[in-house]
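Architecture and fold: a report
Here's the letter readout for the chains.
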Amino acid sequence: MMKKAKNYCPAASIVVCILLVISGCAERREATDKSRIETGKIKKQSPAVELALKFKPHDSTTYKVTVETRRQATWEGTSERKPAGFKGGQSGNIIEMTFDQHIQSIDDDGNAVAKITVKELKYQKKVTDNIVLDFDSTRKNEMKGPLSKLIGKSYTIEITPSGQVSKITDVNDIMAAVSEGAPAGKTAFQLLSVNAIKARHTISALPAEQEKINVGQSWDASKSFYFDQMGTKSYSKTYTLEEIKNVNNCPIAEIRMNAIPSAENARESYKEQSTLPFPFDNTEKYTGQMKLNLEEGKVEQYNEKLLIEWIIIDPASTNDEMPDALKMSALQSYRIEKID
């Protein structure tokens, strides 16, 4: 779903906005799955099902998770009108981690203690179109740097049937293996932070309430992102159980997510974005989908992607048909898939 809204950029120069956006804006998560479950149109008559993770002691599964953050700025207009000091380009990073998840124990509420062991790791960081860090553990010559120390090391998490990471333990050993000095060492420490681990292993698409759901029913969650001087963007996400397919004699639930800007935070967002004199338009698209094996209680594949674009019109532009403008974009993407 595409949304457009006219706003005003904050009271600083266009160049300041550029540098802050493309240098890497922080993400502020509000991963609170709301309890409301709505009944939508039933596409197909089928029994109600429980959408939850299931765990078995000593069970092991291999997953690959990919997280991408990207910012980009380009000048669209005459070179004479380009802001002084402008340097566009793309900045961001992409992380791809393959790990084993071994279930050590399960409590009476169904919460599991899982040992996570890193099998493979790829990490690339780019700053204004320049690659400043490029690591791939599958390359033979890569096994000497700080990031290579993560391969084969483990940490432990506690995960709930609704996909929330409720506890993180045993990270001391894996952190002790990494030297913090070099840029790659700092990156390794960032990958082991509480926020990074939770973001990597949380499955936000599952309903918080453990009750059975019919095809066509939906439930809500919310999430916020912080884009520096472009303000905070808050979204209301709606997940819908669209279909249950039989794949190799296993029932697979297909869930789709669509998000819209959160109405409850629209006024606050307007205040943040209306303090600068330059008018801008923005478009945004935030979607996701998940395939859940109902028999095993395991995620087969799950992804969410937010793409937002801002176009800032130069108020001094004299060309009405093709006005000078600054175009900025931001991407937040998450994907996890079962590979074994």
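The structure displayed is predicted, hence computed values, not measured ones.

Now for the layout of surface pockets. Over the atoms, a rolling probe the size of a water molecule traces out where space has been left empty. Empty space within the second largest pocket amounts to approximately 300 Å³. Lys 54, Tyr 63, Gln 101, Gly 297 and Lys 298 are, among the 20 residues lining the second largest pocket, the residues nearest its centre. When residues of the lining of the second largest pocket are traced back to their parent elements, those giving at least two are β4 (60-76), β5 (89-106), α4 (194-201) and β15 (298-313). Taken together, the residues of the lining of the second largest pocket break down into nine nonpolar, four polar and seven charged.

Our focus in this paragraph is the side chain of Thr 98. Among the structural elements, Thr 98 can be located in strand β5. With sequence-adjacent residues up to four places away left out, Thr 98 is seen in contact with Thr 62, Tyr 63, Lys 64, Thr 117, Val 118, Lys 119, Glu 120 and Ile 339.

Looking now at the confidence of the model for the protein chain. Residues with a pLDDT of 70 or more make up 78% of the protein chain, whose mean pLDDT is 82. Every residue in residues 1-36 is under pLDDT 50, and counting partners more than four places away or in other chains gives 124 contacts. Segment residues 38-44 is flagged for pLDDT under 50; beyond a separation of four residues in sequence, or across chains, it makes 15 contacts in the model.

Relative to strand β9 (residues 165-169), strand β8 (residues 154-159) is paired through four bridges, and the arrangement is antiparallel. Bridging across to β9, Ile 159 finds its partner in Val 165. Linking β8 back to β9 in an antiparallel pair, the connection comprises five residues, with Gly 163 at a positive phi of about 85°.

Calculation criteria
- Residues numbered from 1 in each chain as written.
- Predicted model: local features only at pLDDT ≥ 70, side-chain atom pairs only at ≥ 80, totals over all residues.
- Heavy atoms only, no water.
- 1 Å grid on protein atoms, 1.4 Å probe; cavity = no way out; pocket = protein on both sides within 12 Å on 5 of 7 lines; lining within 4 Å.
- Points joined across faces, edges and corners; volume = space filled by probe spheres on them.
- Helix = DSSP H or I, 4+ residues; strand = E, 2+ residues; numbered from the N terminus.
- Nonpolar A, V, L, I, M, F, W, Y, C, P; charged D, E, K, R; others polar.
- Contact = heavy atoms within 4.5 Å.
- pLDDT = per-residue confidence, 0-100.
- Pairing = 2+ DSSP bridges.

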